[in-house]
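# Structure at a glance
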Amino acid sequence: MLLLLLFLLFSPQGCSARYDPTWESLDSRPLPTWFDEVKFGIFIHWGVFSVPSFGSEWFWWYWQKEKRQPYVKFMETNYPPGFSYEDFGPLFTAEFFDANQWADILKASGAKYVVLTSKHHEGFTLWGSKYSWNWNAVNVGPKRDIVAELATSIRTRTDLHFGLYHSLFEWFNPLFLYDASNVFKTRQFPTAKSLPELYEIVMKYQPEILWSDGDGNAPDTYWNSTGFLAWLYNDSPVRDTVVTNDRWGVGSICKHGGYYTCSDRYNPGHLLPHKWENCMTIDKWSWGYRRNTQLSDYLTIEELVKQLVETVSCGGNLLMNIGPTHDGRIDVIFQERLRQMGDWLRVNGEAIYGTKPWRTQNDTVTPGVWYTFKPKEETVYAIFLNWPISGTLVLGDPKTIIGETQVKLIGDKGQLKWVSLGEKGMTVAVPQLTPNQLPCQWGWTLQLTNVK
């Protein structure tokens, strides 16, 4: 009896708090600290929708349900009569998919976590799910366990945290359509399909992020979200480290769950009282790969750095999305953007990783200046997105201490000269550098010590 008591006291499960299957209890769980520290992740939308790679990852819905004219015309022009969405499955070939290469590209981006779409609303799973017979990547198309391959490469070649996206509902699954016709009074689909898949991916791949999506206009009680999350937090193999989002049924978004996403491409521009994430796309209009993109459809590296800086300053994480091709390539435009972010973070990473929001987020005098803070080091970072042509940068918010305040440009040597503007504010003389002498492009960081 004594041995059993000691085991319960000192085992990881015995030490962890237990959570009830209620939102009040589940929302009291502290967010694992690693998530707030990492700041930057990569989203990967990949699936059968990558085969037509036209318009959107919602191709099936727009073509068959809404019958949008561009999608109907695309199919009539390029595919034979009677061609179904299921016929795209064998064409999802992934012959160029190299998980090690993907891991190296993701590592080079400076990201600290990755979230892969294990299953989108089309229902096709990127692992050999026993609950998705003949509509998964092991039985159809690649004939490979995509999730397993990427998880292994990420964990052996990088320090990134591995996460999985999972859509609760499926557009045209007969069980879901049956439940929907009964106004979700029946629960055939979550019982036979969605919930078993969630348990399966957690037990099999042990993701550190579970990114839920697609409530299908059904409440969390239909999905038994609180029951699943109670198991996830109490008894799953990732109970102490897993992070979840807020998309667990109608009414839960921006209200319940581990961190808030609130909406796609959410970037409020001000500090929020709860941890949040800005999930957004490099391609302005689509999460999945599109063959019909124009160069202007992609965000520039300047725009992406701006998104990262604004998001982190306001207490959020940035989850930046790429969409691979049907044959498994990360297109060169995405590779370029990822490596550019990595180049920028190699210089300015200390102002991003492990920081906290400062007492003010953006400067009240000079536009395009955003602040982050490291309390232990008592260091404030002023990230400015426009190099001042005048040679001086006015900061309206730091309170300087004469004889103690020091200013440094990250990536450059020596201290910078500054002048106090009175009770609050300072003017900093930036170094006179040629473009080739600048420590980086697209944004620069002043390290401020001994300021209030």
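Note that the coordinates shown come from a computational prediction; the quantities given were computed from them, not determined experimentally.

## Focus: the packing of aromatic side chains
Enumeration over the complete set of coordinates arrives at 53 aromatic pairs. Ring centres of Phe35 and Tyr113 lie 5.4 Å apart, and the angle between their planes is 55°; this geometry places the pair in the tilted category. With Phe35 in helix 4 (residues 33–38) and Tyr113 in strand 2 (residues 113–119), this pair connects stretches of sequence that are 78 residues apart. For Tyr113, a relative accessible area of 0% corresponds to the buried category. Seen in terms of ring centroids, Phe54 and Phe59 are 6.4 Å apart; in terms of plane orientation they differ by 85°. Their pairing is edge-to-face. Looking at Phe59, the relative accessible area reads 0%, which means it is buried. Its end group placed over the ring of Tyr353, Lys112 keeps NZ or CZ at 4.9 Å from the ring centre. Sitting over the face of the ring of Trp358, Arg359 holds its NZ or CZ atom 4.3 Å from the ring centroid.

## Focus on the domain arrangement of the protein chain
Along its sequence, the protein chain is organised into domain 1 (31–351) and domain 2 (356–449). When each unit is reduced to the centre of its C-alpha atoms, the spacing between domain 1 and domain 2 is 37 Å. On the side of domain 2, 20 residues touch domain 1, which itself brings 19 residues to the contact. Contact with domain 2 buries surface across domain 1, with Ser313, Glu350 and Ala351 losing the most and accounting together for 32% of the total. With a closest N to O distance of 2.7 Å, Lys356 and Asp36 form a salt bridge. Inspection of the region where domain 1 meets domain 2 yields eight residue pairs in polar contact (both at pLDDT 80 or more).

## Some remarks on a positive patch on the surface
Taken together, the side chains of Arg359, Lys399, Lys424 and Lys452 present a region of like positive charge at the surface. Here Arg359 is to be found in the loop between helix 14 (332–348) and strand 8 (369–374).

## As for the state of the cysteines
Scanning the entire structure with this criterion turns up one disulfide. At a sulfur-sulfur separation of 2.0 Å, the disulfide partner of Cys254 is Cys262. Across the disulfide from Cys254 to Cys262, rotation about the S-S bond amounts to roughly 65°, and the bridge is consequently right-handed. With a relative accessible area of 35%, Cys254 lands in the partly exposed category.

## A closer look at the sheet that holds strand 13 (residues 426–429)
Read from one edge to the other, the open sheet built from three strands follows the order 10-13-12, with strand pairing classed as antiparallel. The open sheet has two edge strands, strand 10 (392–395) and strand 12 (418–420), and neither has a second partner. With direction set aside, neighbouring strand axes in the sheet form an average angle of 15°. In the sheet, strand 12 pairs with strand 13 via three bridges, with the strands oriented antiparallel. When the bridges of strand 13 are listed, Trp418 appears paired with Val428.

## A look at the pattern of salt bridges
If you walk through the whole model with that rule in mind, you get 20 salt bridges. Between Glu336 and Arg337 there is a salt bridge whose closest N-O contact spans 2.9 Å. Bridged by salt links that share partners, the residues Asp36, Lys39, Lys275 and Lys356 form one connected network.

## Structural notes on the UniProt feature "site: May be important for catalysis" (unreviewed entry) in the protein chain
Here the UniProt feature "site: May be important for catalysis" (unreviewed entry) sits at Cys279. Turning to its location among the elements, Cys279 is positioned in strand 6 (residues 276–281). Apart from residues no more than four positions distant in its own chain, Cys279 is found in contact with Phe43, Trp211, Arg247, Ser263, Asp264, Arg265, Tyr266, Trp287 and Leu319.

Here is what the cut-offs are and how they apply
Think of each chain on its own: its residues are numbered from 1, step by step along the sequence as written. Where totals are concerned, whole chains, interfaces and linings use all residues; where local detail is concerned, this predicted model gives features only for residues with pLDDT of at least 70, and gives and counts side-chain atom pairs only at 80 or more. As a rule here, side-chain values cover all heavy atoms of the structure and leave hydrogens and water aside. Working definition: a ring pair exists when centres of Phe, Tyr or Trp rings (six-membered ring for Trp) sit within 6.5 Å. Plane angles under 30 degrees give stacked, over 60 give edge-to-face, the rest tilted. Here a helix means four or more residues in a row that DSSP labels H or I, a strand means two or more in a row labelled E, and each is numbered from the N terminus. A simple rule labels every residue: compare its accessible area, found with a 1.4 Å probe on the protein chains alone, to the largest value its type can have, and call it buried under 20%, exposed over 50%, or partly exposed in between. Any Lys NZ or Arg CZ found within 6 Å of a ring centre and within 35 degrees of that ring's normal is scored as a charge over the ring. Domain boundaries shown here were taken from an automatic or database domain assignment. In this description, contact between two residues means that some pair of their heavy atoms is separated by no more than 4.5 Å. In this description, buried area is defined as the sum, over both parts, of the accessible area (probe of 1.4 Å) that is lost when the two are combined. Salt bridges are identified by distance alone: a Lys or Arg side-chain nitrogen within 4 Å of an Asp or Glu carboxyl oxygen. For this analysis, a polar contact is any N or O atom pair within 3.5 Å, provided that within protein one partner can donate a hydrogen and the other can accept it, and provided that sequence-adjacent residues contribute only side-chain to side-chain pairs. For patch detection, residues must exceed 30% relative accessible area and be free of salt bridges, and they are connected within 9 Å for like charges or within 5 Å for nonpolar side chains (Val, Leu, Ile, Met, Phe, Trp, Tyr). Note on areas: Shrake-Rupley, 1.4 Å probe, and residue coverage restricted to the protein chains presented here. The charged-residue count follows a simple rule in which Lys and Arg add positive charge and Asp and Glu add negative charge, with His and chain termini not counted at all. Taken as the charge location is NZ of Lys, CZ of Arg, CG of Asp or CD of Glu. Any two cysteine sulfur atoms lying within 2.5 Å of each other are counted as a disulfide. Only strands that DSSP links by at least two bridges are regarded as paired with each other. Structural elements are reduced to axes, namely lines fitted to C-alpha atoms, with helices fitted over the stretch in contact, and the angle between N-to-C directions of any two is expressed from 0 to 180 degrees. UniProt positions are given in the numbering used here, feature names are shortened, and annotations may be inferred rather than shown by experiment.

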